[in-house]
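Spelled out, the chains give:
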Amino acid sequence: MRKKWLLFSIILIALLAACGNTSSNETALSEVTEKPWSDIESAADGTTVRLFMWGGDEGINQYIDEWAAPRLKENYNIELERVPMDTGEILQKLQTEKKAGKSEGTIDIIWLNGENFKNAKENSLLAGSFVNALPNFQEYYDTDDPAFQTDFGTSADGMEAPWGKVQFVFHYDQSKLDTPPSSFEELKSWVEQNPGKFTYPNAEDFTGNAFLRHVLYAKAEEPSAIYEQSLDEERIAATADQTWSYLEEIESNLWRKGKHYPNTLAELDRLYSQGEVWMTMGYNEARAESLIEEGVFPETTRSFIMEPGSIGNTHFLSIPFNTTEPEGALTVINFMLSPEAQLAKLKPDYWGENTPISLDKLPENMRKKFKAVERGESVLSQKKLEESFLPESEASYVEWIKDQWFNEVVQQ
Amino acid sequence: MNIKKMTFVMLALLLFIMPVLLLLLQSVSSPWRFQSGESFHFQIESFQVLWSAANLLEATLWSIVVGAGVLILNMAVGIAAGKALSTLSFKGKPLLEALFLSPVLIPVLAVAMGLHLFMIQAGLADTALGVILIHLVPTIPYSIRIFHNSYAQLGKHMLEQPVVLGAGPLQQLFTVELPLMKPAIRSVTFLTIVISLSQYAITSIIGGGRIVTLPMIFFPFLDTANTSVMAAFAVWFAMIPLAMYIIVEAFILLLPYSRMPWRNTR
């Protein structure tokens, strides 16, 4: 009986909430961004700002806790609190709060891109456009860069600020092979000569899916045929067929004869660490550095990229619709975009991640500092990375590849 | 030592002691690579990573607070419901028993969204109390079950005797029932704490990042390939149920008719 009552009340509340007025915070943020920047900064004084972000990398965590937080405290008197939570759950929380009409949330900044941003934007979980109000963005970034305008094909509309960018690279052990393959055809013949020494995470995994998109790019006439156009299954049918047949052809020579694919990148990394497979891969061209230092990867690990290039993407900071500290959030994001913060992020001490900042727009001495950063031996040169950069395709390709891969490759 | 005892010791060694030892070793050594030609490398860096996680102590404290709250509520509800189920008979009892078990059968995540909505309305979202309440969902069915069985085992006569002798319900609980149900109390303690401690998704949704428990720091690290750091986390993780178990064991000693371990038992 009590259970019934509870169920009933939950349904009732859900209905009430659905009828209720959805919050009017969107206007609040645009009112804030209209104020002069100095007013925003002084209003942010003494606030506590909660940054919700995925917390599975100690380098990233330390960058926030040990580098950024003390400086924010000192310069702006802002208490930055990092809260570890998966982005999917953050969005679910916001979604429910939106439904319940909770206008005073606990989240002030979120870290996201791609599918998550698309989700958040479509369900209007974000506070609104703010990027152009950030002085550091105006001064040091190429504001018209398509990488900031669209995020996996979704128009950003100024609702998220570019925080960093990463490129996809493959890793190999120099002591085991001299020259890594330079194209997918070469990879195929390498796999034939070295059966069982290569595999990729399955399509559900973020990295595995990106690997498959690389194959798709490679099989298209031009990679731009994929990333410049929205998903049209008929148009890319021929490319898709080639992609699946390529994957089937290499399958029998993969690790465990392709009967099992690693579920996550972490699994593939462990296989590589144990020498079971000789290659691994992943977003963030510098990610091998910290793993080498920790002794997980052999010291002879180097990275390589193959024709037609390597996919890269930008990740962003955004403000949820029910933040209670819009001024504090804006000040923190502006700080995260500053040359100093980006320089510290680029250095391999904490995170070692590439910056979306425009080097040409920096003052001379700052530019020198950026150029002087030694990212480590396992990281490819900036020139090589830039030359081979390929943008992400639309987010819908990710889902499509997930489904198709299971049908075409796993079930064959 | 007879053969049965031998097999028990061997099995325990193989299945329990060895894995734990391996875990401990892994936590204080560098990640081990097959055929890397390196031998055991002692290091405490993984524990330094652990300590440097800024909110580790806070999270540990929250985990203990939440765990203790969940345990106390579980004991209260479990004992009351268990006793009622085993002593009373009424219409629709099987149905009620099935209802009590239903939270185990329905995935918590399926109802988390609705419960979150409810908690926001009730002002319980983002509070420790809310987290404790949501942790009751996956734990309480077990507690009720365990105490139900335990009361059934005590038998009707054991429960009638104190009433005949004129004990009130509370006196009866503390002098007869609890001392006789020590194994049940131990099982409930361990089960409840371990289940509560490993709730990631519902804690993060209901706790909303205000209540950061250990799994919220620990689980994202499952994505790393660094097995040493994970081992160090796992060792730290195991300390909490162990500590809680010892505390509860101390409380059990306070019950009447407990044999004090330091007393001569001849």
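All of these numbers come straight from a predicted model, not from anything done at the bench.

**Here's the deal with the overall build of chain B**
Reasoning step 1: Check the secondary structure of chain B and you find 12 helices and 0 strands.
Reasoning step 2: Mapped from its N terminus to its C terminus, chain B presents α and β elements in the order α-α-α-α-α-α-α-α-α-α-α-α.
Reasoning step 3: Reported as C-alpha extents along the three principal axes, the dimensions of chain B are approximately 75 × 60 × 30 Å.
Reasoning step 4: Across the 266 residues that make up chain B, the buried fraction comes to 45%.
Reasoning step 5: Residue pairs at least 24 apart in sequence account for 72% of intrachain contacts in chain B once pairs closer than 6 positions are excluded.
Reasoning step 6: Of the roughly 14600 Å² of accessible surface on chain B, a fraction of 72% belongs to carbon and sulfur atoms.

**Remarks on the packing of helix α2 (residues 45-52) of chain B against helix α12 (residues 227-254) of chain B**
Residues and elements named next belong to chain B.
Reasoning step 1: Between α2 and α12, whose axes approach to 8 Å, the crossing angle comes to 60°. Here the hand of the crossing between α2 and α12 comes out right-handed. Within the contact between the two elements, α2 uses Ser46, Phe47, Val49, Leu50 and Trp51 and α12 uses Ser228, Val229, Ala232, Phe233, Val235 and Trp236.

**Considering the nonpolar core**
Reasoning step 1: Residues Leu94 and Ile110 of chain A together with Phe147 and Phe233 of chain B are the most contacted members of the largest nonpolar core, which totals 53 residues.
Reasoning step 2: Examining the composition of this core, we find that 10 residues originate from one element, α12 of chain B, more than from any other.
Reasoning step 3: When near neighbours in sequence (up to four residues on either side) are disregarded, Phe147 of chain B contacts Met75, Gly78, Ile79, Gly82, Met181, Ala184, Ile185 and Val188 of chain B.
Reasoning step 4: Counting residues in hydrophobic clusters, the runner-up holds 52 residues, among them Phe168, Phe198, Leu212 and Trp255 of chain A.

**Some details on the confidence of the model for chain A**
Reasoning step 1: The predicted model of chain A averages 89 in pLDDT, with 93% of residues at 70 or higher.
Reasoning step 2: Summarising per-element confidence for chain A, the mean pLDDT is lowest in helix α1 (residues 2-19) of chain A (52) and highest in helix α15 (residues 326-336) of chain A (96).

**Here we look at the pairing of strand β6 (residues 160-173) of chain A**
Residue and element names in this part refer to chain A.
Reasoning step 1: Counting buried positions along β6 gives 13 out of 14 residues, so the element sits mostly inside the fold.
Reasoning step 2: The pairing of β6 with strand β9 (residues 310-318) spans 7 bridges and is antiparallel. Among the inter-strand pairings, Glu160 is bridged to a residue of β9, identified as Ser318.
Reasoning step 3: Here β6 runs beside strand β7 (residues 279-283); their pairing, made up of 5 bridges, is antiparallel. By the bridge assignment for β7, Tyr172 is matched with Met279.
Reasoning step 4: Inspection of the sheet shows β6 paired to strand β8 (residues 301-304) by 4 bridges, in the antiparallel sense. Bridge pairing in β8 places Asp173 opposite Thr301.

**Remarks on the pattern of salt bridges**
Reasoning step 1: What the rule picks out here adds up to 22 salt bridges over all chains.
Reasoning step 2: Close ionic contact of Glu177 of chain B with Lys83 of chain B constitutes a salt bridge, the shortest N to O distance being 2.8 Å. With Glu177 of chain B in helix α8 (residues 169-180) and Lys83 of chain B in helix α3 (residues 56-87), this residue pair connects regions lying 94 residues apart in the sequence.
Reasoning step 3: Residue classification places Glu177 of chain B among the buried positions, given a relative accessible area of 1%.
Reasoning step 4: Exposure remark for Lys83 of chain B: the relative accessible area of 24% places this residue in the partly exposed category.
Reasoning step 5: What you see here is one network of salt bridges that share partners, running through Lys93, Glu97 and Lys102 of chain A together with Asp126 of chain B.

**What to know about the side chain of Thr213 of chain B**
Reasoning step 1: Structurally, Thr213 of chain B is set in the loop between α10 (201-207) and α11 (214-218).
Reasoning step 2: Apart from residues no more than four positions distant in its own chain, Thr213 of chain B is found in contact with Ala59, Trp62, Ser63 and Thr203 of chain B.

**Notes on the domain arrangement of chain A**
Residue and element names in this part refer to chain A.
Reasoning step 1: Its domain assignment divides chain A into domain 1 (25-166 + 313-380) and domain 2 (167-312 + 390-410).
Reasoning step 2: Here the C-alpha centroids of domain 1 and domain 2 sit 29 Å apart.
Reasoning step 3: Contact with domain 1, which involves 18 residues of that partner, is made by 25 residues of domain 2.
Reasoning step 4: For the pair domain 1 and domain 2, the two sides together bury roughly 1700 Å², of which 53% comes from carbon and sulfur.
Reasoning step 5: On the domain 1 side of the interface with domain 2, the three residues burying the most area are Phe152, Val166 and Ser378, jointly 38% of the side's total.
Reasoning step 6: Between domain 1 and domain 2 we count 2 salt bridges in total.

**Regarding the environment of Leu51 of chain A**
Residue and element names in this part refer to chain A.
Reasoning step 1: Within the secondary structure, Leu51 sits in strand β1 (residues 48-53).
Reasoning step 2: On a C-alpha basis, the gap between Leu51 and Leu231 in space is 34 Å, while along the polypeptide they are 180 residues apart.
Reasoning step 3: When neighbours within four sequence positions are excluded, Leu51 is seen to be in contact with Ile64, Leu80, Glu81, Arg82, Val83, Ile109, Leu317 and Met336.

**As for the interface of chain A and chain B**
How big an interface is tends to be stated in terms of the accessible area lost upon association of its parts.
Reasoning step 1: On the side of chain B, 39 residues touch chain A, which itself brings 42 residues to the contact.
Reasoning step 2: Of the roughly 3500 Å² buried at the junction of chain A and chain B (both faces included), carbon and sulfur atoms supply 59%.
Reasoning step 3: Counting the contacts that link chain A with chain B gives 2 salt bridges.
Reasoning step 4: With a shortest N-O distance of 3.1 Å, Lys93 of chain A and Asp126 of chain B are connected by a salt bridge.
Reasoning step 5: Between the two partners, chain A and chain B, sit 5 residue pairs in polar contact (both at pLDDT 80 or more).
Reasoning step 6: Within the residue set of the side of chain A that touches chain B, elements represented by two or more residues are α1, β1, α4 (58-76), β2 (79-84), α5 (87-100) and α13 (265-273) of chain A.
Reasoning step 7: Considering each element in turn, the side of chain A that touches chain B owes the most residues, 8 residues, to α5 of chain A.

**Here's the deal with the confidence of the model for chain B**
In low-pLDDT segments, the atomic positions of the prediction should not be examined closely.
Residues and elements named next belong to chain B.
Reasoning step 1: Of the residues in chain B, 93% reach a pLDDT of 70 or more, and the chain-wide mean stands at 86.
Reasoning step 2: Within chain B, α2 has the poorest average pLDDT of any element, 76, and helix α6 (residues 128-154) the best, 94.
Reasoning step 3: Predicted complex, confidence summary: ipTM 0.77, pTM 0.82.

**Brief notes about helix α16 (residues 339-346) of chain A**
Residue and element names in this part refer to chain A.
Reasoning step 1: Burial within α16 is extensive, with 7 of its 8 residues counted as buried.
Reasoning step 2: Regarding α16, the residues found buried are Pro339, Ala341, Gln342, Leu343, Ala344, Lys345 and Leu346.
Reasoning step 3: Those residues of α16 that are buried lie in contact with α4, α7 (135-140), β6, α15 and α17 (364-372).

**Some words on unusual backbone geometry**
All names here are of chain A.
Reasoning step 1: A cis geometry characterises the amide bond from Glu307 onward to Pro308, with omega recorded as 0°.
Reasoning step 2: Looking at where Pro308 falls in the secondary structure, it is placed in the loop between β8 and β9.
Reasoning step 3: Residue Phe152 is not a glycine yet carries a positive backbone phi of 50°.
Reasoning step 4: Inspection of the secondary structure assignment puts Phe152 in the loop between β4 (150-151) and β5 (154-155).
Reasoning step 5: Phi at Asn284 is positive, roughly 80°, even though this residue is not glycine.
Reasoning step 6: By the element assignment, Asn284 lies in the loop between β7 and α14 (287-293).

Criteria and thresholds
- Residues numbered from 1 in each chain as written.
- Chains lettered and ligands numbered in written order.
- Predicted model: local features only at pLDDT ≥ 70, side-chain atom pairs only at ≥ 80, totals over all residues.
- Heavy atoms only, no water.
- Helix = DSSP H or I, 4+ residues; strand = E, 2+ residues; numbered from the N terminus.
- Buried < 20%, exposed > 50% of the residue type's maximum accessible area, 1.4 Å probe, protein only.
- Contact = heavy atoms within 4.5 Å.
- Areas by Shrake-Rupley, 256 points an atom, 1.4 Å probe, with all protein chains shown as cover.
- Axes fitted to C-alpha atoms, helices over the stretch in contact; angles between N-to-C directions.
- Left-handed = near helix turned anticlockwise from the far one by under 90°.
- Core = buried A, V, L, I, M, F, W, Y, C linked by side-chain atoms within 4.5 Å.
- pLDDT = per-residue confidence, 0-100.
- Pairing = 2+ DSSP bridges.
- Salt bridge = Lys/Arg side-chain N within 4 Å of Asp/Glu carboxyl O.
- Domains from an automatic or database assignment.
- Buried area = accessible area lost by both parts, 1.4 Å probe.
- Polar contact = N/O pair within 3.5 Å; in protein donor to acceptor, adjacent residues only side chain to side chain.

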